[in-house]
Amino acid sequence: MSRLKTLSDEYLALRSRLEQGGGPDRVRRQHEQGKLTARERVAGLLDEGSPWLEIGLLVAWDQYDGQAPAAGVVTGLGRVGGRPVVVVANDATVKAGSWWPETIKKILRAQEIAMRQRVPIIYLVDSAGVNLPYQGGVFPGQYGAARIFYYNSIMRRYLKVPQIAAVMGPCIAGGAYLPALSDVIFMVEGTSFMGLGGPNLVKGATGQVVDAESLGGAATHTSVSAVAHYRAKDDHECLVRLREYVARLPHANSARRTHAAPKRDPKELYELLPADHRMSYDVRAVLECLLDGGRLDEFQPDVAPEMICGHGAIEGRQVALIANSRGVIKGKKKGEPPKIGGIVYTESAEKVAYFIENADRERIPLLFIQDVSGFMVGTEAEHSGIIRAGARFVEAMATATVPKLVLTVNHASGAGYYAMAGQGFDPDFILSWPTGRMAVMEGESAIQAVYGADAAQPDNAAAVDAMRADYEHQLDAKFAAARGFVDAIITPEDTRDLLAFLLETSNEFAGPHLGAFTLTSHP
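Residues numbered from 1 in each chain as written. Predicted model: local features only at pLDDT ≥ 70, side-chain atom pairs only at ≥ 80, totals over all residues. Heavy atoms only, no water.

1. Comments concerning the overall build of the protein chain
Here comes step 1: A count of helices and strands for the protein chain gives 20 helices and 20 strands.
Here comes step 2: Whereas a compact globule of 523 residues would reach a radius of gyration of roughly 24 Å, the protein chain reaches 25 Å, a difference of no more than 12%.
Here comes step 3: The principal-axis extent of the C-alpha atoms belonging to the protein chain is close to 90 × 60 × 45 Å.
Here comes step 4: The buried share of the protein chain, taken over its 523 residues, is 54%. (Helix = DSSP H or I, 4+ residues; strand = E, 2+ residues; numbered from the N terminus. Rg over C-alpha atoms; globule rule 2.2 N^0.38 Å. Buried < 20%, exposed > 50% of the residue type's maximum accessible area, 1.4 Å probe, protein only.)

Here it is, written out as structure tokens:
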């Protein structure tokens, strides 16, 4: 079995476990309360058979002794009424949907996607509020819970991004501002509650004795306080009405596009990647599994061939593609040393920078296929001006205003990771195969950097082995996904369809794709 297949199977098993949320007992309890689970709600909301990219599924999976699957919130990108939407759904089977520090991180990332792409965002609220033992990581700080409400406000006042909230369970304390700062609020009879304090807190603070329904139930907020706008009898009706609401929002539907199938079956990807991540492979064969007709119109193919630049299409949507070509590339002239694919040289940095700037002028989205080990080092590289060329590469990528999509295939190391649209440069979406390896450098390189010739000394054996194991752990794609360094791990056979959906989504906004959001002109 190939390395990619083995790692994909491990990931799929983990995904299946995380999708169970708090487990069968808590799912049953949710049903006994007359409520659907978060994932059942998402499934009922989305168009049947439509794509679904879950963002941050693995976040926090290896923390809190496994008690916070998906950090208690389902976030992702799907299609409702034929249009892309972002969905945020509290998972009440996980600690009553309370907010962990990582829950905030996931909600903010979902909001940033909605703001960047100008697509509606739907909140399915069912949360007991802050997870109090971890309030220090939830409440204060620039990127604490308040940032959610800041993004709410920016979307309402300036970006005009539709925000639709359905309170389908409790919504308590500061969390009530999330629906309150949305455009419309739906509530469900008998199961939803919204209030700055629950009955117990009200009794302690004021001495009043009141039941939850009278204090902040669906009838109260739709007929007395007028805080909410629509009332549904149960979850199913609420989801139907949400779909109807989204369907009537103005939207220029994308015309159906005709396109050729890829030249190779995407399932061949499992055999195209080598068993050892250090070995070379034919990246052009990989592209033939992703691009329409397998066709890439390559830009300057005879210049710096260790970096592939070219134009292609994915399900009829044009992309300007940049990929690292793994392998050894012979020198052009007799006696010229070969170049190592996956390493960025001065000439390749200059080539890619020019290509990116052209794509930006032509308004064509950029797709980075990452398998990069870093920039070249040494006397020859430094004398050739690699620092300046690398800076031009980074600047061109960072300032490009077209959508940027990233797929990590193998390595994402060193400054090469930055130049190939690393997360710090706000790519629109960053995905990884299970084989992705993200770090400053590989473990063996780190050992040499720290120990040098002393790495082979018997006295250092234990420390060297521990460092090697630590790097292998942190290089795992699941480690990166658990910390939100990638939006999602995806399998090879899903890659083409998901990239096509993300290209569709990123084309929703024709303005500049820079930063978490870009304000349009306003008074």
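2. A closer look at the side chain of threonine 435
Here comes step 1: Its place among the elements puts threonine 435 in the loop between strand 18 (429–432) and strand 19 (437–439).
Here comes step 2: On the accessibility criterion, threonine 435 (1% relative accessible area) is buried.
Here comes step 3: Contacts of threonine 435, omitting those with residues within four sequence positions, involve Arg3, Leu4, Leu7, Leu273, Val409 and Asn410. (Contact = heavy atoms within 4.5 Å.)

3. Thoughts on the environment of valine 319
Here comes step 1: Locating valine 319 in the fold gives a position in strand 11 (residues 317–324).
Here comes step 2: According to the relative accessible area criterion, valine 319 is buried, its value standing at 1%.
Here comes step 3: Sequence spacing of valine 319 and alanine 359 is 40 residues, and the spatial spacing of their C-alpha atoms is 8.8 Å.

4. What about the pairing of strand 11?
Here comes step 1: Strand 11 sits mainly inside the fold: seven of its eight residues count as buried.
Here comes step 2: Summarising the sheet, strand 10 (residues 307–314) and strand 11 pair through eight bridges and their orientation is antiparallel. Within strand 11, the position partnered with isoleucine 314 by the bridge is arginine 317.
Here comes step 3: Two successive antiparallel strands, strand 10 and strand 11, enclose a turn made up of two residues, where glutamate 315 displays a positive phi of approximately 50°. (Pairing = 2+ DSSP bridges.)

5. Section: the packing of aromatic side chains
Think of a pair of aromatic rings as described by two things: how far the centres are apart, and how the planes are tilted against each other in angle.
Here comes step 1: Evaluated as defined, the whole model comprises 14 aromatic pairs.
Here comes step 2: Both rings, one in phenylalanine 149 and one in tyrosine 177, keep their centres 6.1 Å apart while their planes meet at 65°; by these two values the pair is edge-to-face. Of this pair, phenylalanine 149 sits in helix 5 (residues 146–159) while tyrosine 177 sits in helix 6 (residues 177–180); the two residues are 28 residues apart in sequence, bridging distant segments of the chain.
Here comes step 3: You can call phenylalanine 149 buried: its relative accessible area is 16%.
Here comes step 4: On the accessibility criterion, tyrosine 177 (40% relative accessible area) is partly exposed.
Here comes step 5: Residues phenylalanine 186 and tyrosine 230 carry aromatic rings whose centres are separated by 4.7 Å and whose planes lie at 20° to one another, so their mutual orientation is stacked. Taken as a pair, phenylalanine 186 in strand 6 (residues 184–188) and tyrosine 230 in strand 8 (residues 230–232) lie far apart in primary sequence, 44 residues in all. (Phe/Tyr/Trp six-rings, centres within 6.5 Å; stacked < 30°, edge-to-face > 60°.)

6. Concerning the pairing of strand 18
Here comes step 1: In strand 18, alternate side chains face the same way, and those of Phe429 and Leu431 on one face and Ile430 and Ser432 on the other are all buried.
Here comes step 2: For strand 17 (residues 404–413) and strand 18, the ladder comprises four bridges, and the chain directions are parallel. Residue pairing for strand 18: leucine 407 is matched across the bridge by leucine 431.

7. Concerning helix 4 (residues 101–117)
Here comes step 1: Spanning 17 residues, helix 4 covers 25 Å between terminal C-alpha atoms, matching the ideal 24 Å at 1.5 Å per step.
Here comes step 2: Along helix 4, 15 of the 17 residues are buried, which leaves the element largely enclosed by surrounding structure.
Here comes step 3: Just past helix 4, the residue arginine 118 takes up positive phi, approximately 60°. (Expected span 1.5 Å × (residues − 1).)

8. Let's talk about the nonpolar core
Here comes step 1: Grouped together as the largest cluster of nonpolar side chains are 72 residues, with contacts concentrated most on Met155 and Trp433.
Here comes step 2: Considering each element in turn, this core owes the most residues, seven residues, to helix 4.
Here comes step 3: Setting aside residues up to four positions removed in sequence, methionine 155 forms contacts with Gln111, Ala114, Met115, Ile121, Tyr123, Lys160, Val161 and Gln163.
Here comes step 4: If you look at the next biggest cluster of nonpolar residues, it comprises 44 residues, including Ala70, Ile356, Phe375 and Ala480. (Core = buried A, V, L, I, M, F, W, Y, C linked by side-chain atoms within 4.5 Å.)

9. Section: the packing of helix 13 (residues 346–362) against helix 15 (residues 386–399)
Here comes step 1: Their axes nearest at 8 Å, the elements helix 13 and helix 15 cross at an angle of 20°. By the angle between their directions, the pair helix 13 and helix 15 is classed as roughly parallel. Crossing of helix 13 over helix 15 shows left-handed handedness. Contacts between helix 13 and helix 15 pair Thr346, Ala349, Glu350, Val352, Ala353, Ile356, Glu357 and Asp360 from the former with Ile386, Ala389, Gly390, Arg392, Phe393, Ala396, Met397 and Thr399 from the latter.
Here comes step 2: Residue classes in the contact of helix 13 with helix 15 are distributed as nine nonpolar, three polar and four charged. (Axes fitted to C-alpha atoms, helices over the stretch in contact; angles between N-to-C directions. Parallel < 35°, antiparallel > 145°, perpendicular 65-115°, else oblique. Left-handed = near helix turned anticlockwise from the far one by under 90°. Nonpolar A, V, L, I, M, F, W, Y, C, P; charged D, E, K, R; others polar.)

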